[in-house]
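Chain by chain, the residues run as shown.
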Amino acid sequence: MDLIGASTGVFAVSCTRESLSGAGTLQRERQLNQFLADVERRALRIAEIAVRDRDEALDLVQDAMIKLVNNYAGRPDAEWTPLFYRILQNGIRDWHRRQKVRNRVMVWFGRCGAGEDHYDPVAHAPDPAGRSPDEELQTGQAMEKLAGAVHALPTRQREAFMLRTFEGLDVAGTAVAMGCSEGSVKTHYSRAVHTLRDKLGEHWR
Amino acid sequence: MNEPNDNDVNEEFATQAKELFDDSVERLDAAALSRLNQGRHAAIEQLQSGHSANVWGRWVPATGIAAAALVAVMVMRGPEMDDMPAEPVTDFEILLEGESLEMFEDLEFYSWLEAADLDANGNVG
C-alpha cells in the first residue's frame, strides 16, 4: 500500500487496489468469496441486533461486502476481517444517523414511528432441529433479552461488545474495526459487560 | 469457598452470550441465507466486472468538482459580486472539501495499519 501518498489526494485511489489480473484475480475471487461466506452470517446477526430490522441488516451487510471488494480486494486477506467490520460499523452508524433524522421528520408530521420497536428476533428465527419447543423457547427468550440489552447499550459499548464477544475479534482487531485505541476498546468492552450483567441479572438464561 | 472474581464472572457471561449468539446464527432461515448468498455474489461480480463501478466512481469526483467550479463561477460573476467578496470563496472550498475530509478521517487508520504487523488471523503480532 502506498502510504507515502497519504498526504495527497491520490492516496484514496492508490490504496484501494493493487494489480489484480488473470490467475491472481481468480484466486483473489475465491479467497474473497470464502472470506465473505465465513463472515456473512455473524455479520448479519450483529447488524440485526444493532438496527433491529433484518431487511435493513441484510442491506448493510451487502453494502459492506461490496465496499470491501471494491476498495480492499488487493489488501492482504489477514486484514479483511477488521476492515470488513469497520465498514459495517460505519454503515450501522450512518443508518442510525439517518433514522434520527427520519424520526424527527416523522415527529414533525405527527407520526411517532409507532411499531418500530416491536421487532421480534425470535419471530424471525426458524424452528431449530432436534430441540424441544420448551428448549427452543427458553433459548429464544434468552437471546431476545440479550439482543434487547445489547441494542440498548451506548453505540461504542455495543460495537466493542459485539465485535469482541460475538465476532471474536481480539482487542487490536476490534480497535481497527472501531477506529479507536486499544485502551478505548477495553474501557468500552468492560463497561458493556458490567451494564449487561446488571441489566440481565444472574439468571437470564 | 472463594467467591469468583469479577473477571471470571465477566468471562462466564461472555461465554454464555457467545453460545446464545452462535445458536441464533445457526438458526438463520433459508431466506436470509439466500439473500446473503446473493449479496456475496453481487459483491464478487464487482471484481469480475473489472471494477466497472470504480471507473464510474473515478468520474464522480471530477464531475462534482466541475459542477462546484461552475457554481462558484456563477456565484462570483453574479450581479451582486461587489457585495460579497469573501463568501463565494468559502462556499467553493466547502463544496470541494468533502473528499479530503473523508480521506483525513481515515489517515490515522491507515497509519495504524502500516505500523501494525498483522498476522494471518488479523491479530497484531
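Shown above is the structure to which this text applies.
Rules of the game
- Residues numbered from 1 in each chain as written.
- Chains lettered and ligands numbered in written order.
- Predicted model: local features only at pLDDT ≥ 70, side-chain atom pairs only at ≥ 80, totals over all residues.
- Helix = DSSP H or I, 4+ residues; strand = E, 2+ residues; numbered from the N terminus.
- Contact = placed C-beta atoms within 7 Å.
- Expected span 1.5 Å × (residues − 1).
- Buried ≥ 20, exposed ≤ 12 C-beta atoms within 10 Å, placed from the backbone.
- Arc of directions from axis to C-beta.
- Core = buried A, V, L, I, M, F, W, Y, C linked by C-beta atoms within 7 Å.
- Domains from an automatic or database assignment.
- Axes fitted to C-alpha atoms, helices over the stretch in contact; angles between N-to-C directions.
- Parallel < 35°, antiparallel > 145°, perpendicular 65-115°, else oblique.
- Left-handed = near helix turned anticlockwise from the far one by under 90°.
- Nonpolar A, V, L, I, M, F, W, Y, C, P; charged D, E, K, R; others polar.

Trainee: Even after reading the chapter, I still don't get the overall build of chain B, so can you show me in this structure?
Mentor: Looking only at helices and strands, chain B has four helices and zero strands in total. Secondary structure of chain B in N-to-C order comes out as α-α-α-α.

Trainee: When you look at the overall build of chain A in this model, what are you seeing that I'm missing?
Mentor: Each helix and strand in chain A was counted, giving nine helices and zero strands. Scanning chain A from its N terminus toward the C terminus, one meets helices and strands in the order α-α-α-α-α-α-α-α-α. A separation threshold of at least 6 residues defines the contact pool for chain A, and within that pool the share at least 24 residues apart is 59%.

Trainee: Is there a simple way to think about helix α9 (residues 182-200) of chain A in this case?
Mentor: Given 3.6 residues per turn, any residue in an α-helix points the same way as the ones three and four places further on. Look at α9(A): 27 Å from first C-alpha to last across 19 residues, which is about the 27 Å you get at 1.5 Å a residue. Buried within α9(A) are the following residues: Val185(A), His188(A), Tyr189(A), Ala192(A), Val193(A) and Leu196(A). Projected down its long axis, α9(A) shows its buried positions confined to an angular sector of 135°, all on one face. Those residues of α9(A) that are exposed and angled more than 90 degrees off the buried face are Gly183(A) and Asp198(A). Tucked into the core, α9(A) has its buried residues touching α6 (133-152), α7 (155-166) and α8 (171-178) of chain A together with α1 (6-26) of chain B. Remark: Gly201(A) follows α9(A) within two positions and exhibits a positive phi of approximately 75°.

Trainee: What is the right way to look at the nonpolar core in this model?
Mentor: Side chains of a nonpolar character, in soluble globular proteins, are inclined to be buried together. Residues and elements named next belong to chain A. By size, the foremost hydrophobic cluster in this structure holds 56 residues, and its most contacted members are Ala 47, Val 61 and Leu 88. Here this core takes ten residues from helix α2 (residues 22-51), the largest share from any one element. Residue assignment places this core across two domains, with domain 1 (17-119) and domain 2 (124-205) each supplying three or more. Setting aside residues up to four positions removed in sequence, Ala 47 forms contacts with Ala 57, Leu 60, Val 61, Leu 88 and Ile 92.

Trainee: Quick question: what am I supposed to make of unusual backbone geometry here?
Mentor: Keep in mind that most residues, glycine aside, have a negative phi and that most peptide bonds are trans. All names here are of chain A. Positive phi values are uncommon outside glycine, yet Arg 52 reaches one of about 60°. Structurally, Arg 52 can be placed in the loop between α2 and α3 (54-72). Arg 52 sits in the partly exposed class, given 18 other C-beta atoms within 10 Å.

Trainee: Before we go on, may I ask you to explain the packing of helix α4 (residues 80-108) of chain A against α8(A) in this structure?
Mentor: In a pair of packed helices, the angle between the axes and the distance between the axes together describe the arrangement. All names here are of chain A. Direction vectors running N to C along α4 and α8 enclose 40°, while the axes themselves pass 7 Å from each other. On the basis of their axis angle, the class for α4 and α8 is oblique. The chirality of how α4 crosses α8 is right-handed. Counting all contacts with α4, which are made through Thr 81, Pro 82, Tyr 85, Arg 86 and Gln 89, the residues of α8 involved are Gly 173, Val 176, Ala 177 and Met 178. A per-class count over the contact of α4 with α8 returns five nonpolar, three polar and one charged.

Trainee: Please explain the environment of Arg191(A) as it appears in this structure.
Mentor: Residue placement: Arg191(A) occurs in helix α9. Once the C-alpha coordinates of Arg191(A) and Ala160(A) are considered, the two residues, 31 residues apart in sequence, prove to be 9.7 Å apart.

Trainee: I keep staring at α8(A) and nothing clicks. Help me out?
Mentor: All names here are of chain A. Within α8, six of the eight residues are buried, which leaves the element mostly enclosed by the surrounding structure. Here α8 has its buried residues at Gly 173, Thr 174, Ala 175, Val 176, Ala 177 and Met 178. The first or second residue beyond α8 is Gly 179, which carries a positive phi of 70°.

Function-wise, these values are silent; they only describe arrangement.
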